[in-house]
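# A look at the structure
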Number of protein chains: 2
Amino acid sequence: MLSYTEENYLKAIYHLSSGGEHEVSTNSIAESLQTKAASVSDMLKKLSVKELVEYRRYKGVNISEEGKKEALKIIRKHRLWEVFLVNNLKFNWDEVHEVAEQLEHIKSPLLIKRLDEFLGYPSFDPHGDPIPDEYGVIKDKAKILLKDLEEGNEAIVVAVSDDNPAFLQYCSKLGIKIGTPLKAIDKLEFDNSMQLLLDGDQKINVSKEVSENIWVTD
Amino acid sequence: MLSYTEENYLKAIYHLSSGGEHEVSTNSIAESLQTKAASVSDMLKKLSVKELVEYRRYKGVNISEEGKKEALKIIRKHRLWEVFLVNNLKFNWDEVHEVAEQLEHIKSPLLIKRLDEFLGYPSFDPHGDPIPDEYGVIKDKAKILLKDLEEGNEAIVVAVSDDNPAFLQYCSKLGIKIGTPLKAIDKLEFDNSMQLLLDGDQKINVSKEVSENIWVTD
DNA sequence: ATATTTTTTTAGGTTAATCTAAATTTATAT
DNA sequence: ATATAAATTTAGATTAACCTAAAAAAATAT
């Protein structure tokens, strides 16, 4: 049985490795979990003994297949709960992350099976992130970062970063949500901001920070 | 902010004192939480410093007003989640306690407000226990233990103990649920068992253990 | 009333998860 | 190629929650 803390480490490692493809550094884990590198070193040894990661001192870690399976279980729970909070409990999309961070650790396979059923087997959470199925399989849409959308091209918003409430509130204010059609009018060199046409009528300017946290279909 | 453990202690003390009326002994807390008396002594000192209980060495504890408030918040959450699990996720009444023991510790006032709303402001959980309102006020029905129902008297099942799945499964098997009408036909001296007429047609015999875990309206 | 039993507390230790500071390894820059 | 910087690990503490064993207090039984 994994502890709350072990689950959080696995989730962080999974995300930092973009699903297990890359090696992850001790410092990046520490930063992501708001803790110290020394604490991470300790935990990596522990996860390594449990064969959830492959760890060589000073060389970073790779998540193992078993570790990935565990991470995906937690991510599945997190995203299903987010759907519940938004669809059924009328939470705004900026209010769900923190609560889902708690709910994702509830241990009950039956609960998740029934919640999934209750929600109608959703494929995406309120921020456009794909929900792994019960076997951990993710069926995601092809997407690119808004900042990489070329000038003149049109696209549709399919996902946004989920962990910064202020960012999500700002998106709402701008009128950006999942499904919003937009066009890249102009990209400004000096500050890397972008001019966008939203919904075919509204012209807005978004900073680099914003365009790096929104994904669109090409 | 209370820890998971502190919350469990407060809840146990509240229940053992039947809502703050009685003094609670160290040993009874230890037994109820499946831990050792030494651990309880430590925790009581801690809760006492936080003024959640009034504690005098060797004299047991009384829960304070503040402690009672916290306990009721947790009990409210526990019971609301049980309603959700049974009404919406189709859990059986014997499957909800363990999961609710986890869910009750989720910290989000908005979540509970919205859950309550979503559920239609229920007053009782699936085992007939009253759900404290947002101010901690409990409106319970008058009820007596089935074992105290006098021979010849009729009554209706209004509550059952919630924490033993095997007991709840047995009740289901016997046909005992909330709302079941019954009549005390006979009380047997030698083993303290009772003969009951269920739903006006079915004759069953229940042990002392069973009749001490069912409440009825007199 | 005193001895015995029971209950409770204290003393001292363990484990998981954290930390700081120092040591070590790896990476980078001249 | 070697010095410096950066990243990482180790060493050693700390805290919360637990434990066992011994001591102390309270309850009980003769």
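Reading the values: the criteria
- Residues numbered from 1 in each chain as written.
- Chains lettered and ligands numbered in written order.
- Predicted model: local features only at pLDDT ≥ 70, side-chain atom pairs only at ≥ 80, totals over all residues.
- Heavy atoms only, no water.
- Buried < 20%, exposed > 50% of the residue type's maximum accessible area, 1.4 Å probe, protein only.
- Helix = DSSP H or I, 4+ residues; strand = E, 2+ residues; numbered from the N terminus.
- Pairing = 2+ DSSP bridges.
- Least-squares fit on C-alpha atoms with pLDDT ≥ 70 in both.
- Contact = heavy atoms within 4.5 Å.
- UniProt positions renumbered as here; feature names shortened; annotations may be inferred.
- Near = heavy atom within 4 Å.
- Polar contact = N/O pair within 3.5 Å; in protein donor to acceptor, adjacent residues only side chain to side chain.
- 1 Å grid on protein atoms, 1.4 Å probe; cavity = no way out; pocket = protein on both sides within 12 Å on 5 of 7 lines; lining within 4 Å.
- Points joined across faces, edges and corners; volume = space filled by probe spheres on them.
- Nonpolar A, V, L, I, M, F, W, Y, C, P; charged D, E, K, R; others polar.
- Salt bridge = Lys/Arg side-chain N within 4 Å of Asp/Glu carboxyl O.

### Points about the pairing of strand β4 (residues 154-160) of chain A
All names here are of chain A.
- Along β4, five of the seven residues are buried, which leaves the element largely enclosed by surrounding structure.
- One ladder, built from three bridges, connects β4 with strand β5 (residues 181-187); its direction is antiparallel. Each bridged residue has a counterpart across the sheet, and for isoleucine 156 the counterpart in β5 is proline 181.
- When β4 meets strand β8 (residues 214-217), the two strands line up antiparallel, connected through four bridges. Residue pairing for β8: valine 157 is matched across the bridge by valine 216.

### What to know about the relation of the copies chain B and chain A
- After a rotation of 180 degrees and a shift along the axis of 0.0 Å, chain B superposes on chain A with an RMSD of 0.0 Å. Look at the turn and shift together and you get a two-fold axis relating the two. Judged by C-alpha distance, leucine 103 of chain B is the residue of chain B that lies nearest the rotation axis, at 3.8 Å.
- Of all interface residues in chain B, 100% are interface residues in chain A too; the two copies therefore contact each other through one and the same surface.

### Some remarks on the UniProt feature "domain: HTH dtxR-type" (unreviewed entry) in chain A
- Per the UniProt annotation, the sites labelled "domain: HTH dtxR-type" (unreviewed entry) are residues 1-64 of chain A.
- The span residues 1-64 of chain A carries 52% helix and 9% strand; its end-to-end C-alpha distance comes to 17 Å.

### Focus on the protein's contact with DNA strand D
- Taken together, 22 residues surround DNA strand D, and among them Ser41 and Tyr55 of chain A together with Ser3, Ser39 and Lys46 of chain B come closest.
- Taking the atoms of DNA strand D that fall within 4 Å of the protein, sugar and phosphate contribute 76% of them.
- Between a phosphate oxygen of DNA strand D and a side-chain N or O atom of arginine 57 of chain A, the distance comes to 3.0 Å.
- Between DNA strand D and aspartate 42 of chain B, the relevant distance is 3.2 Å, taken from a base nitrogen to a side-chain nitrogen or oxygen of the residue.

### Quick word on helix α5 (residues 96-103) of chain B
- By the criterion of burial, α5 of chain B is predominantly enclosed, with six of the eight residues buried.
- All of the buried residues in α5 of chain B are Val96, His97, Val99, Ala100, Gln102 and Leu103 of chain B.

### Structural notes on the layout of surface pockets
- By volume, the largest pocket is sized at about 1200 Å³.
- Around the largest pocket sit 33 residues that line it, and His15, Leu16, Arg79, Asp162 and Asp163 of chain B are the ones nearest its centre.
- Where the lining of the largest pocket is concerned, the elements lending two or more residues are α1 (4-16), α2 (26-32), α4 (65-87) and α5 of chain B.
- In terms of residues, the lining of the largest pocket owes the most to one element, α1 of chain B, which gives seven residues.
- Here the residues of the lining of the largest pocket are counted per class, giving 11 nonpolar, 11 polar and 11 charged.
- The volume enclosed by the second largest pocket comes to roughly 1000 Å³.
- Together, 30 residues line the second largest pocket, and Lys11, His15, Arg79, Asp162 and Asp163 of chain A are the ones closest to its centre.
- If you list the elements that add at least two residues to the lining of the second largest pocket, you get α1 (4-16), α4 (65-87) and α5 (96-103) of chain A.

### Here we look at the interface of chain B and chain A
- Each side of the interface is counted separately: chain B has 20 residues, and chain A has 20 residues.
- Scanning the region where chain B abuts chain A turns up zero salt bridges.
- If you look at where chain B meets chain A, you find six residue pairs in polar contact (both at pLDDT 80 or more).
- Mapped onto the side of chain B that touches chain A, the elements with two or more residues apiece are α4, α5 and α6 (109-119) of chain B.
- Per-element tally for the side of chain B that touches chain A: the top contributor is α6 of chain B, with five residues.
- Its residues assigned to classes, the side of chain B that touches chain A comprises 12 nonpolar, four polar and four charged.

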